[in-house]
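In case you want the letters, here they are:
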Amino acid sequence: MRHSVYFTQAIRKALTDGYTTFVELNANPATLMSVAATAFDAGVQDGVFIQTLKRKEDESLGVLTALAQLYVHGHQVDLRSLLPEVTTPTFRVPRSCESRTGSTPVSAAAVATVGPR
């Protein structure tokens, strides 16, 4: 027995409620692309769309990378629940840092991005 799925309406409701970060738990990013298209159609230009799993890649690394991307985009992530031996910094890292040699600044988002954009 099949029922209607109100996917687009659910995404629009989430956008209306102020949600702009979406994480997909699937090895195929087709759904994430639909979420992004719905967000862009709704006028949301600053949405964050994070894929966790990728075919033929380590699942643990994919999840940890997604958590890192969430952290870079300002969300609180408690890595101690996954990696109890890791000590997380107690200070906020600026989004853009310059090295002491005066080289070109690199944004934290650029460093955390995995794969093609």
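These figures come from a predicted structure and were not determined experimentally.

Quick look at the overall build of the protein
Helix and strand counts for the protein come out as 4 helices and 4 strands. Listed N to C, the secondary structure of the protein is α-β-α-β-α-β-β-α in terms of helices and strands. Each of the 117 residues in the protein was classed as buried or not, and the buried ones make up 19%. Here the analysis covers contacts within the protein between residues at least 6 apart in sequence; of these, 48% occur between residues at least 24 apart. Only carbon and sulfur atoms are counted for the fraction: they give 56% of the accessible area of the protein, which is about 9,100 Å².

Describing the pattern of salt bridges
Across all of its chains, the model carries 2 salt bridges by this definition. A salt bridge links Arg12 to Asp41; the nearest nitrogen and oxygen atoms lie 2.3 Å apart. With Arg12 in helix H1 (residues 7–16) and Asp41 in helix H2 (residues 30–41), the pair connects residues that are 29 residues apart, well separated along the chain. The partner of Asp17 in a salt bridge is Lys13, and the shortest N-O contact between them spans 3.0 Å.

What to know about the side chain of Glu24
Inspection of the secondary structure assignment puts Glu24 in strand E1 (residues 21–24). At 3.1 Å, the side chain of Glu24 and the backbone nitrogen of Leu32 are in polar contact. Dropping the residues within four chain positions of it, Glu24 is found in contact with Pro29, Ala30, Thr31, Leu32, Ile50, Gln51 and Thr52.

Some details on helix H3 (residues 59–72)
Under the 1.5 Å per step criterion, the end-to-end length of H3 is 20 Å for 14 residues, consistent within 8% with the ideal 20 Å. Within two residues after H3, Gly74 carries a phi angle of roughly 95 degrees, on the positive side.

Quick word on the packing of H1 against H2
Where H1 meets H2, the axes come as close as 10 Å, and the angle between the chain directions of the two elements is 55 degrees. The orientation of H1 relative to H2 falls into the category oblique. The element H1 and its partner H2 pack so that their crossing is right-handed. Taken together, the residues of H2 that come into contact with H1 (itself represented by Phe7, Thr8, Ile11, Arg12 and Leu15) are Thr31, Ser34, Val35, Thr38, Ala39 and Asp41. When the residues that make up the contact of H1 with H2 are grouped by side-chain class, the tally is 5 nonpolar, 4 polar and 2 charged.

Calculation notes
- Residues numbered from 1 in each chain as written.
- Predicted model: local features only at pLDDT ≥ 70, side-chain atom pairs only at ≥ 80, totals over all residues.
- Heavy atoms only, no water.
- Helix = DSSP H or I, 4+ residues; strand = E, 2+ residues; numbered from the N terminus.
- Buried < 20%, exposed > 50% of the residue type's maximum accessible area, 1.4 Å probe, protein only.
- Contact = heavy atoms within 4.5 Å.
- Areas by Shrake-Rupley, 256 points an atom, 1.4 Å probe, with all protein chains shown as cover.
- Salt bridge = Lys/Arg side-chain N within 4 Å of Asp/Glu carboxyl O.
- Polar contact = N/O pair within 3.5 Å; in protein donor to acceptor, adjacent residues only side chain to side chain.
- Expected span 1.5 Å × (residues − 1).
- Axes fitted to C-alpha atoms, helices over the stretch in contact; angles between N-to-C directions.
- Parallel < 35°, antiparallel > 145°, perpendicular 65-115°, else oblique.
- Left-handed = near helix turned anticlockwise from the far one by under 90°.
- Nonpolar A, V, L, I, M, F, W, Y, C, P; charged D, E, K, R; others polar.

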